[in-house]
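Now for the letters of each chain:
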Amino acid sequence: MRKEIIEYLGEDWSRVQNLIRASLSSDIELLNQTNDSILENGGKQLRPLLALLVAKAVASSVPEDSIRMAAASELLHNATLLHDDVADGSEVRRGRPTVMALLGSRAAVLLGDYWLVKAMDNILASSVSDSVMGLFSKTLSDLAVGEMLQLQKAVKGDTTESDYIRIIYSKTASLFETACTSSAISVHASEEVVESVRKYAVSLGIAFQIKDDILDYAGTQIGKPVGVDIREQKITLPLLGAFAASSENEVKHAKEMLREVESHPQFCDELMAYVKEKGGIAYAEERLDDYVNEAISALSRLEESPAKEYLVRLAKYTADRNK
């Protein structure tokens, strides 16, 4: 469906891609080569995709400010990934070596800073910068808060479902929210429409991360490793669903295995089996459907259009995807 949406967006999608490349251009050969490599392995680029669809769903044409919001959301997203790879010690992303693995952590942090500044440059160059800068700065704060809360909960092993939702809102949904809301503002949408778009983006972002966490237990079409969250001692929704169907002693035993999984790798398989036996995946899938339905309902204020239909389809695809 991504290819179909990009064809629908047409020249507007090309404008975003060209702006991202122009924003990153420099007279430093190593910088340009590294940036080109990242762009060639750019992933789904879901945030600028959503930003453009929102603009087209609200306005008859896509102004330059909307292009800047879409580009800024992707630049900011990749900046956070570059920093995350250093924080997590990740040597592979999207099947290829990370900048950290190739050039070291210092270069990865500096490059992440560079992408972040270029995102800010695009926001400041827009005519709506006063209205949207707070959204982007809040997202940066949310990302830091989400990471720290997740670290704290991993150490204590006491993550609740409300903690989990806060973490995935901060780490994933917040940037969805900013990409979509800033785009709606860039086309001068009414306050009611901006709020509808915001609710859509938050629900979609939460659903997107829940699906990722389900796939970490259920497996993916492309054969990505499973059990990564368990090995990192993260309590995500499938495990919380298993806890909800367990006795107090069963929960206590599962948490003990999670705390000791680093020194006892076999506990990973046992916890995976435990989650499936207790219906943890089914529990998470029910909550996923709730958020997908909330996202679709939030679009009711938007007039019917091909762009709105693609936003609806993207929400449904979030629940159905297997990679």
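Predicted, not measured: the structure shown is a model, and the values here were computed from it. Every residue gets a number counted from 1 within its own chain, in the order that chain's sequence is written. This being a predicted model, a pLDDT of at least 70 is required before a residue's local features are given, and a value of 80 or more before pairs of side-chain atoms are given or counted; all residues contribute to the totals for chains, interfaces and linings. The side-chain quantities take in all heavy atoms of the structure and omit both hydrogens and water.

Caption draft 1: Just a nonpolar patch on the surface, in detail. Two joining distances apply to patches: 9 Å for like charges and 5 Å for nonpolar side chains (Val, Leu, Ile, Met, Phe, Trp, Tyr), and every residue must have over 30% relative accessible area and no salt bridge. Only the protein chains shown count as covering a residue, and every accessible area follows the Shrake-Rupley method with a 1.4 Å probe. Counted as salt bridges are all cases of a side-chain nitrogen of Lys or Arg within 4 Å of a carboxyl oxygen of Asp or Glu. On the surface, a nonpolar cluster with roughly 390 Å² of combined accessible area is contributed by I28, L30, L102 and L103. Looking at where L103 falls in the secondary structure, it is placed in helix α6 (residues 99–103). Assessed through its relative accessible area of 43%, L103 is described here as partly exposed. Each helix corresponds to a stretch of at least 4 residues labelled H or I by DSSP, and each strand to a stretch of at least 2 residues labelled E; elements are numbered beginning at the N terminus. Accessibility here uses a 1.4 Å probe with only protein chains present; expressed as a share of the type maximum, an area under 20% marks a residue as buried, one over 50% as exposed, and anything in between as partly exposed.

Caption draft 2: Quick peek at the side chain of S66. With respect to the element layout, S66 can be found in helix α5 (residues 64–88). Residue classification places S66 among the buried residues on the basis of a relative accessible area of 0%. Pairs of N or O atoms are called polar contacts if they sit within 3.5 Å, as long as, within protein, a hydrogen donor faces a hydrogen acceptor (for residues adjacent in sequence, only side-chain-to-side-chain pairs). Side chain to side chain, S66 and S186 meet in a polar contact 2.6 Å long. If near-sequence neighbours (up to four positions away) are discounted, S66 is found in contact with A55, S183, S186 and V187. Residue contacts are defined here by distance: any two heavy atoms, one from each residue, within 4.5 Å place the two residues in contact.

Caption draft 3: Structural detail: the nonpolar core. Among the nonpolar cores identified, the biggest contains 100 residues, and L50, W115, Y200, I210, Y274 and L311 are the most heavily contacted of them. Among the elements that line this core, the one with the most residues is helix α10 (residues 191–218), at 13 residues. Each residue touching W115, except ones within four places of it in the same chain, is listed here: L24, N35, I38, L39, L75, N78, A79 and L82. Only buried residues count toward a nonpolar core, which is a set of Ala, Val, Leu, Ile, Met, Phe, Trp, Tyr and Cys residues joined through side-chain atoms within 4.5 Å.

Caption draft 4: Structural detail: the environment of L24. Here L24 shows up in helix α2 (residues 11–24). Taking the C-alpha atoms as reference points, L24 and W115, separated by 91 residues in sequence, lie 7.2 Å from one another. Setting aside residues up to four positions removed in sequence, L24 forms contacts with N32, N35, L39, L75, Y114, W115 and K118.

Caption draft 5: Representation of the pattern of salt bridges in the model. Tallying each qualifying case throughout the model produces 19 salt bridges. Here D121 and K118 are joined by a salt bridge, their closest N and O atoms 3.9 Å apart. Residue D121 and its partner K118 are both found in helix α7 (residues 105–124); the two are separated by 3 residues, about one turn of the helix. Residue D121 is classed as partly exposed on the basis of its relative accessible area of 38%. Relative accessible area serves as the criterion here: at 18%, K118 is assigned to the buried category. One connected set of salt bridges, linked through shared partners, spans D12, R15, K56 and E64.

Caption draft 6: Spotlight on the packing of α10 against helix α15 (residues 280–298). For the pair α10 and α15, interaxial distance at closest approach is 8 Å and the crossing angle is 160°. The orientation of α10 with respect to α15, classified from their angle, is roughly antiparallel. The handedness of the crossing between α10 and α15 comes out as left-handed. In contact with S196, K199, Y200, S203, L204, I206, A207, I210, K211, I214, Y217 and A218 of α10, α15 contributes I281, A284, E285, L288, Y291, V292, E294, A295 and A298. Residues are grouped as follows: Ala, Val, Leu, Ile, Met, Phe, Trp, Tyr, Cys and Pro are nonpolar; Asp, Glu, Lys and Arg are charged; all remaining types, including Gly, are polar. In terms of residue class, the contact of α10 with α15 is made up of 15 nonpolar, 2 polar and 4 charged. Interaxial angles span 0 to 180 degrees and are taken between N-to-C directions of axes, which are lines fitted to C-alpha atoms, for helices over the stretch in contact. Any angle that falls under 35 degrees is termed roughly parallel, while one over 145 is termed roughly antiparallel, one within 65 to 115 roughly perpendicular, and all others oblique. By definition, any crossing whose near helix is turned counterclockwise from its far helix by less than a right angle is left-handed, and any crossing with a clockwise turn is right-handed.

Caption draft 7: Looking closely at the packing of aromatic side chains. Stacked, tilted and edge-to-face are the three classes applied to pairs of Phe, Tyr and Trp rings, where Trp contributes its six-membered ring and a pair requires centres within 6.5 Å; stacked means planes under 30 degrees apart, edge-to-face means over 60, and tilted covers the rest. Counting across every chain of the model gives 2 aromatic pairs. Geometrically, the ring pair formed by Y8 and Y310 is tilted, given 5.2 Å between the ring centres and 45° between the ring planes. You can see Y8 sitting in helix α1 (residues 2–9) and its partner Y310 sitting in helix α16 (residues 306–320), a full 302 residues away along the chain. When its relative accessible area of 26% is taken as the criterion, Y8 is described as partly exposed. Their ring planes at 45° and their centres at 5.6 Å tell us that F176 and F208 sit as a pair that is tilted. Placement of the pair is F176 in helix α9 (residues 161–186) and F208 in helix α10, with a sequence separation of 32 residues.

Caption draft 8: Region of the structure containing the side chain of S174. Along the polypeptide, S174 turns up in helix α9. Those residues within four positions of S174 in sequence are excluded, and the remaining contacts are K138, T139, D142 and Y169.

Caption draft 9: The arrangement of the environment of K156 in detail. Here K156 is to be found in helix α8 (residues 129–156). Exposure remark for K156: the relative accessible area of 52% places this residue in the exposed category. A sequence separation of 76 residues divides K156 from T80, and the C-alpha atoms of the two residues are 25 Å apart.

Caption draft 10: Seen up close, helix α4 (residues 46–58). Along its 13 residues, α4 runs 18 Å from first to last C-alpha, staying within 8% of the 18 Å computed at 1.5 Å per residue. By the criterion of burial, α4 is predominantly enclosed, with 11 of the 13 residues buried. Every buried residue of α4 is accounted for by L46, R47, P48, L49, L50, A51, L52, L53, V54, A55 and A57. Elements in contact with the buried residues of α4: α1, α2, α5, α9, α10 and α16. Helices are assigned an expected span. That span is 1.5 Å times one less than the residue count.

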